[in-house]
Amino acid sequence: MLLVHAHPDDETINNGATMAKYVAEGAQVTLVTCTRGEEGEVLVPELAHLAAADGDGLGPHREGELAAAMAVLGVTDHRFLGGPGRFRDTGMLYDESGAATKPETIRPDTFWSADLLEAADLLVSIIREIRPQVLVTYDEHGGYGHPDHVQAHRVATYATSLAAAPSYRIDLGAPWAVQKVYWSASPRSVMAEALELAKKAGINFFDMESVEDLPFLIDDELVTTKVTARQHYDQKMAALRAHATQITEDGPFFALAGLDGSNAFADEYYRLVQGRAVRDAGDSLETDLFAGVQLDDDRLGDSDAVPPAQHQRMAEVSGDDAGSEAASAATTGAESRAANGTAKVATEGASVARNEGVARAVG
Ligand SMILES: [Zn+2]
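Quick caveat, the model's predicted, so the values are computed rather than measured.

J.: Describe the coordination of the zinc ion, naming the residues involved and giving the relevant values.
T.: Looking at the zinc ion, the protein donor atoms are H7 (ND1), D10 (OD), D10 (OD) and H149 (NE2), and they sit 2.0 to 2.4 Å from it. Taken together, the four donor atoms coordinating the zinc ion span angles of 56 to 142 degrees at the metal, a pattern that classifies the geometry as irregular. Considered as a linear motif, the donors of the zinc ion on their single chain read H-x2-D-x138-H. Just as H7 is buried, D10 falls in that class too.

Below, the structure written as structure tokens:
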């Protein structure tokens, strides 16, 4: 799977447990971070000198924080789009309504100023190299409005589309169609519950009175998928701590996370926006980002588009009305994923390149 994020720490906050879960299950997890987060606020007084307004040393420092966080989650393939420092953090302001928005001055080297096609091409290369079945990014508001998050959404969306086009820039690799695309989501009901819990415990959660103060929450009926990875929750919290300049140990995040019964950060939610959701019988939400994906490798285009027959086959397997048998067959989890991958590697000896592709794609 491939995750596209704007700044170091976004991946852990949004998808930390999900990433640790799929790494543990043997999937190849790749993180692309679009900027080094040079404009982030430095919440730790001892490190205040790193801030952009001061020494501007925050970018390299956060590279180190990200590496430490990924070590905790077990993610070995994490990259910056175009290399570290290619695109600079744009920074953000809060407007009068409290929504995140662009700063007044925007430097030409920022991610927001980047040419969309140029940035997308960098990601097309990565998509075609690692050939992910699943891609995770933000919604069109970038989750909460930060311009770099909005840009990450645009770049990821554009690149996914271009990567699949058979005739597009074959110098960037063989075409690859991502099967499922997800946007991270914070369901309104989940945050309302967490806020309630925080209030009862006397925790001031970023001065929020009610969920009405949070414009980025998603209506529950739009959420398709919930990844529960409680056994990786401690890893997520440890990875958050690795982003030390961004999150204070005695701050509201950890206070809320530490409460009994708080699931605020244990379960991670998604909206499936491309591909078909595959739910187990009786579940209202899909529980596995890989549910229904095909792991065979015949999607590698020579110069052919993904054959229509294959789309048809996918729809049959993963269709909502395909019944629980198909659904459970498609969601048998890690072992079968790993086993499929191994079997593929073993049986497709003809092409080393293809085998490498399978091994990379499924771990
Ligand atoms: Zn961010």
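Next, the rest of the story.
J.: Explain the packing of aromatic side chains residue by residue, including any values.
T.: If you walk through the whole model with that rule in mind, you get four aromatic pairs. Seen in terms of ring centroids, F87 and F111 are 5.4 Å apart; in terms of plane orientation they differ by 55 degrees. Their pairing is tilted. You can see F87 sitting in the loop between β3 (77-80) and β4 (93-94) and its partner F111 sitting in the loop between β5 (100-101) and α3 (116-130), a full 24 residues away along the chain. Note on accessibility: F87 and F111 belong to one class, buried. Pairing Y182 with Y270 gives two aromatic rings, centres 5.9 Å apart and planes at 70 degrees, and the pair type is edge-to-face. In this pair, Y182 sits in strand β7 (residues 180-185) while Y270 sits in strand β9 (residues 267-274), placing the two residues 88 residues apart along the sequence.

J.: Go over the nonpolar core, please, and point to the residues and values.
T.: Grouped together as the largest cluster of nonpolar side chains are 29 residues, with contacts concentrated most on L2, L81, F111, L123, I127 and L135. When contributions to this core are tallied by element, the ones reaching two or more residues are β1 (2-5), α3 and α4 (147-164). Take this core: its biggest share by element is seven residues, from α3. Those residues within four positions of L81 in sequence are excluded, and the remaining contacts are V32, T33, C34, R86, F87, F111, A119, L122, L123, I126 and V155. Among the nonpolar cores identified, the runner-up in size contains 27 residues, and M19, V29, M70 and A239 belong to it.

J.: Got a sec to walk through a negative patch on the surface? Specific residues and values, please.
T.: Together, D207, E209, E212 and D213 give the surface a local cluster of negative charge. Mapping D213 onto the fold places it in the loop between α5 (188-200) and β8 (225-228). Note on D213: relative accessible area 41%, which makes it partly exposed.

Reading the values: rules and limits
- Residues numbered from 1 in each chain as written.
- Predicted model: local features only at pLDDT ≥ 70, side-chain atom pairs only at ≥ 80, totals over all residues.
- Heavy atoms only, no water.
- Donors = N, O, S within 2.8 Å, 3.2 Å for Na, K, Ca; no water.
- Tetrahedral: all angles 85-135°; square planar, octahedral: opposite > 155°, others 65-115°.
- Buried < 20%, exposed > 50% of the residue type's maximum accessible area, 1.4 Å probe, protein only.
- Phe/Tyr/Trp six-rings, centres within 6.5 Å; stacked < 30°, edge-to-face > 60°.
- Helix = DSSP H or I, 4+ residues; strand = E, 2+ residues; numbered from the N terminus.
- Core = buried A, V, L, I, M, F, W, Y, C linked by side-chain atoms within 4.5 Å.
- Contact = heavy atoms within 4.5 Å.
- Patch = residues over 30% accessible without salt bridge, like charges linked within 9 Å, V, L, I, M, F, W, Y side chains within 5 Å.
- Areas by Shrake-Rupley, 256 points an atom, 1.4 Å probe, with all protein chains shown as cover.
- Salt bridge = Lys/Arg side-chain N within 4 Å of Asp/Glu carboxyl O.
- Lys, Arg positive; Asp, Glu negative; His and termini not counted.
- Charge placed at Lys NZ, Arg CZ, Asp CG, Glu CD.

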